[in-house]
Number of protein chains: 2
Amino acid sequence: MNQVITIGREFGSGGKELARKLADEMGFAYYDDEIVNEIVKRTNFSEDYIHMIVEKRPVLYHPFHAGVRFFSHADPHVERSQQIASAQYAIIHEMAEKSPCVVVGRCADYILRENTPYRIFVCSDMESKMRRYRADEDPNDRISDKELFRQIRRVNKDRAQYYHLYTGLRWGDRENYELCINTSHMDIDAAVPHIAELARTFFATATGQESGEEA
Amino acid sequence: MNQVITIGREFGSGGKELARKLADEMGFAYYDDEIVNEIVKRTNFSEDYIHMIVEKRPVLYHPFHAGVRFFSHADPHVERSQQIASAQYAIIHEMAEKSPCVVVGRCADYILRENTPYRIFVCSDMESKMRRYRADEDPNDRISDKELFRQIRRVNKDRAQYYHLYTGLRWGDRENYELCINTSHMDIDAAVPHIAELARTFFATATGQESGEEA
């Protein structure tokens, strides 16, 4: 089974940057927007619609953790949500089967739990999130601090709800990850090689434990 | 100001072992039971009584985070709790002033927040906690799985309450730490050098930020 690193991340925490650099450091494939692009291809829904569904308004009658579909239904919004969730589930599994990889968000830690992924969660304080957002902001689209604060909080609330809906677990809860990293006072470039080393020792131990059980 | 690493830890997570090895790796002083021993010397209370107060039944009318004492009181239990808390507060500050150090538990992350400590929280799943406890257990004092489960849960509940009472914050909440480490599938010996490297990059960044602000 391929080694997999999953990265849950708060909006504004730099989790995406950390994930990309960690994939480079490990020599792993990197999957983030690639997942949505692949859903677009398979379902014929627009990218915006998929983002809306997978990040904001998922409606599911059989989330990943329930295992069974309780009843059939005719609501087209629910049907489409379900179609997208199923595509996402299949795509993430296919990606992990292809090669070692880093997968960002999308409940990959839960979807790939049989692979014993190295599960990272990236967070930071609000001040740091706002600073990070401002650094990349288009000056023509500048929003007020109050609006930015609200937007960051809203996106992260959506992510938490989405994660809970699909997995039944609490997003960002230390129990569900090998490592929770706070980037508020962290130099991501300097830290990534050491995070990679921690992932390597994890994979060495996990493999060792599996061999031990077989012996 | 000396570099300080604080380690909050769930009972049974191996946090103490990790802390000791990290102190060795960094060449830092290590403080854990030393704090209680020092309180014994300064207050004349017994070690058992201090453990009971600081870990199980603290009663405070002015916790560390409140800043002021609201009224005087005559309850001797409260007076003694307060005396122990004040001694602990002073001792932890003195230790951090003496040399770079690793401090285990006792709200040191909060008490020393002005020092910008590298704050680590160590957790693990219940199965791993029970396995770890059994490995060190005296065969003559063996307790049932049910009793062990209860004991682990009780100690960790006490720690969470104690931390919340003194700091007003949630114990083990990712926001309050630089790093939350799950030891369930971790080889502590193999991981410690890389955790030390992460702490060093943090201190380099924190120092850099302070110089930057002064410039």
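What counts, and where the lines are drawn
- By convention here, each chain's residues receive numbers from 1 onward along its written sequence.
- Think of it this way: whatever chain is written first is A, whatever ligand is written first is 1, and the rest follow in order.
- Per-residue local features of the predicted model are confined to residues with pLDDT of at least 70, and side-chain atom pairs are confined, for both listing and counting, to 80 or more; whole-chain, interface and lining totals are unaffected and use all residues.
- Side-chain figures throughout are based on the complete set of non-hydrogen atoms in the structure, without hydrogens or water.
- What we call a nonpolar core is a set of buried Ala, Val, Leu, Ile, Met, Phe, Trp, Tyr and Cys residues that are connected through their side-chain atoms within 4.5 Å.
- Residue burial is assigned from relative accessible area. The probe radius is 1.4 Å, only protein chains are included, and a residue is buried under 20% of its type maximum, exposed over 50%, and partly exposed in between.
- Note on contacts: a residue pair is in contact if any heavy atoms of the two residues lie within 4.5 Å.
- To get an axis, a line is fitted to the C-alpha atoms, and for a helix only the part in contact is used. The angle between two axes follows their N-to-C directions and goes from 0 to 180 degrees.
- Think of it this way: any DSSP run of H or I at least four residues long counts as a helix, any run of E at least two long counts as a strand, and we number them from the N terminus.
- If an angle is under 35 degrees, it is roughly parallel; if it is over 145, roughly antiparallel; if it lies from 65 to 115, roughly perpendicular; otherwise it is oblique.
- The crossing is said to be left-handed when, going from far helix to near helix, the turn is anticlockwise and less than a right angle, and right-handed when the turn is clockwise.
- Any residue outside Ala, Val, Leu, Ile, Met, Phe, Trp, Tyr, Cys, Pro, Asp, Glu, Lys and Arg is labelled polar, Gly included; the first ten of those are nonpolar and the last four are charged.
- Two parts placed together each lose some accessible area under a 1.4 Å probe, and adding up what both lose gives the buried area.
- Salt bridges are defined by distance alone: a side-chain nitrogen of Lys or Arg within 4 Å of a carboxyl oxygen of Asp or Glu.
- Nitrogen and oxygen atoms within 3.5 Å of one another constitute a polar contact, given that in protein one can donate a hydrogen and the other can accept it, and given that sequence-neighbouring residues count only through two side-chain atoms.
- One requirement defines pairing of two strands: DSSP has to find at least two bridges between them.
- The copies are overlaid by a least-squares fit using only the C-alpha atoms of residues whose pLDDT is at least 70 in both copies.
- What the arc describes is the spread of directions from the helix axis to the C-beta atoms.
- Between the first and last residue of a helix there are one fewer steps than residues, each counted as 1.5 Å, and that sum is the expected span.
- On a scale of 0 to 100, pLDDT captures the predictor's confidence in every residue.

Below, the discussion takes up the nonpolar core. Where a protein is soluble and globular, its nonpolar side chains tend to be buried together. With 60 residues, the main nonpolar core has A:I35, A:V103, B:I35 and B:V103 as its most contacted residues. When sequence neighbours within four positions are dropped, the list of residues in contact with B:I35 reads B:Q88, B:I91, B:I92, B:M95, B:V103 and B:R106. Counting 52 residues, the second largest nonpolar core, distinct from the first, contains A:I5, A:Y30, A:I120 and A:L179.

Geometrically, a packed helix pair is captured by the angle between its two axes and the distance between the axes. Residues and elements named next belong to chain B. Where helix α2 (residues 33–43) meets helix α4 (residues 76–98), the axes come as close as 9 Å, and the angle between the chain directions of the two elements is 125 degrees. With respect to each other, α2 and α4 are oriented oblique. α4 is crossed by α2, and the crossing has right-handed handedness. Contacts from E34, I35, E38, I39, R42 and T43 of α2 reach α4 at I84, A87, Q88, A90, I91, I92, E94 and M95. Residue composition of the contact of α2 with α4, by class: eight nonpolar, two polar and four charged.

Turning next to the interface of chain B and chain A. Taken together, the contacts link 30 residues of chain B with 29 residues of chain A. Interface area, chain B with chain A, both sides summed: about 2,400 Å², of which 53% is carbon and sulfur. Contact with chain A buries area across many residues of chain B, yet B:R174, B:H185 and B:H194 alone supply 28% of it, more than any other trio. A:R174 is the salt-bridge partner of B:E10, the closest N and O atoms lying 2.6 Å from each other. Linking chain B with chain A are nine residue pairs in polar contact (both at pLDDT 80 or more), by the criterion used here. Counting residues per element, the ones that place at least two in the side of chain B that touches chain A are β4 (118–123), β5 (179–182) and α8 (188–214) of chain B. Its residues assigned to classes, the side of chain B that touches chain A comprises 13 nonpolar, eight polar and nine charged.

Attention now goes to the packing of helix α6 (residues 126–136) of chain B against helix α7 (residues 145–167) of chain B. All names here are of chain B. Two elements in contact, α6 and α7, have axes separated by 11 Å at closest approach and are oriented at 105 degrees. Viewed along their axes, α6 and α7 adopt a mutual orientation that is roughly perpendicular. Only D145, L148, F149, Q151, I152, R153 and N156 of α7 make contact with α6, whose side of the interface consists of M126, K129, M130, Y133 and R134. Here the residues of the contact of α6 with α7 are counted per class, giving six nonpolar, two polar and four charged.

Another point: the pairing of strand β5 (residues 179–182) of chain A. Side-chain positions along a regular strand alternate between the two faces of the sheet. Here β5(A) shows no split at all, with A:L179 and A:I181 on one side and A:C180 and A:N182 on the other all buried. As defined by bridge partners, strand β4 (residues 118–123) of chain A adjoins β5(A) across four bridges and the pair is classed as parallel. The residue of β5(A) that forms the bridge with A:V122 is A:I181. Where β5(A) lies against β5(B), three bridges are found, and the strand directions are antiparallel. Residue pairing in the sheet places A:C180 in a bridge with B:C180 of β5(B).

A separate point is the side chain of A:E178. Within the secondary structure layout, A:E178 lies in the loop between α7 (145–167) and β5. Note on A:E178: relative accessible area 5%, which makes it buried. Once you skip the residues sitting within four places of it in the chain, A:E178 turns out to touch A:P117, A:Y118, A:R119, A:F202, B:C180, B:I181, B:N182 and B:H185.

All chains considered together, the criterion is met by 38 salt bridges over all chains. Among the ionic pairs, B:D189 bridges to B:K21, the shortest N-O distance being 2.9 Å. One end of the pair, B:D189, is in helix α8; the other, B:K21, is in helix α1 (residues 15–26), with 168 residues separating them in the sequence. A residue is classified by how much of its surface remains accessible, and B:K21, at 26% relative accessible area, is partly exposed. Three or more residues are tied together by salt bridges with common partners; here these are A:E10, A:K129, B:R174 and B:E175.

The subject of this paragraph is the relation of the copies chain B and chain A. When chain B is fitted onto chain A, the two copies agree to an RMSD of 0.0 Å after a turn of 180 degrees and an axial shift of 0.0 Å. Accordingly, the operation relating the two chain copies is best matched by a two-fold axis.

Once that is clear, we can look at the sheet that holds strand β2 (residues 29–31) of chain A. Here 10 strands make up an open sheet; going across it, the order is β2(A)-β3(A)-β1(A)-β4(A)-β5(A)-β5(B)-β4(B)-β1(B)-β3(B)-β2(B) and the pairing mixed. Every other strand in the sheet has two partners, leaving β2 of chain A together with β2 (29–31) of chain B as the edge strands with one partner each. Neighbouring strand axes in the sheet, compared pairwise and without regard to direction, differ in orientation by 20 degrees on average. Here strand β1 (residues 4–9) of chain B pairs with β4(B) via five bridges, running parallel. From the neighbouring strand, B:I7 faces β4(B), where its bridge partner is B:I120.

All right, on to helix α2 (residues 33–43) of chain A then. Residues and elements named next belong to chain A. Within the sequence span of α2, burial applies to I35, V36, I39 and T43. In an axial view of α2, the angular spread of the buried residues amounts to 95 degrees, which keeps them on one side of the axis. Just beyond α2, the residue with positive phi is N44, at close to 70 degrees.

All names here are of chain B. Note that I111 resides in helix α5 (residues 108–111). Judged by its relative accessible area of 2%, I111 falls in the buried class. Sequence separation between I111 and T205 is 94 residues, and the spatial gap between their C-alpha atoms is 22 Å.

The periodicity of an α-helix, 3.6 residues per turn, causes residues three or four positions apart to be oriented the same way. Residue and element names in this part refer to chain A. The first and last C-alpha atoms of α7 sit 33 Å apart over 23 residues, in line with the 33 Å expected at 1.5 Å per residue. Those residues of α7 lying buried are L148, Q151, I152, N156, D158, R159, Y162, Y163, Y166 and T167. Immediately downstream of α7, the backbone of G168 shows phi near 75 degrees, a positive value.

A separate point is the confidence of the model for chain A. Residue and element names in this part refer to chain A. Looking at chain A, the pLDDT average stands at 86 and 86% of residues meet or exceed 70. For chain A, per-element mean pLDDT is lowest for helix α3 (residues 47–55), which scores 76, and highest for β4, which scores 98. Below a pLDDT of 50 lies the segment residues 211–215, which in the model reaches zero contacts outside its immediate sequence neighbourhood of four places, other chains included. Both confidence scores are given for the complex: pTM 0.88, ipTM 0.86.

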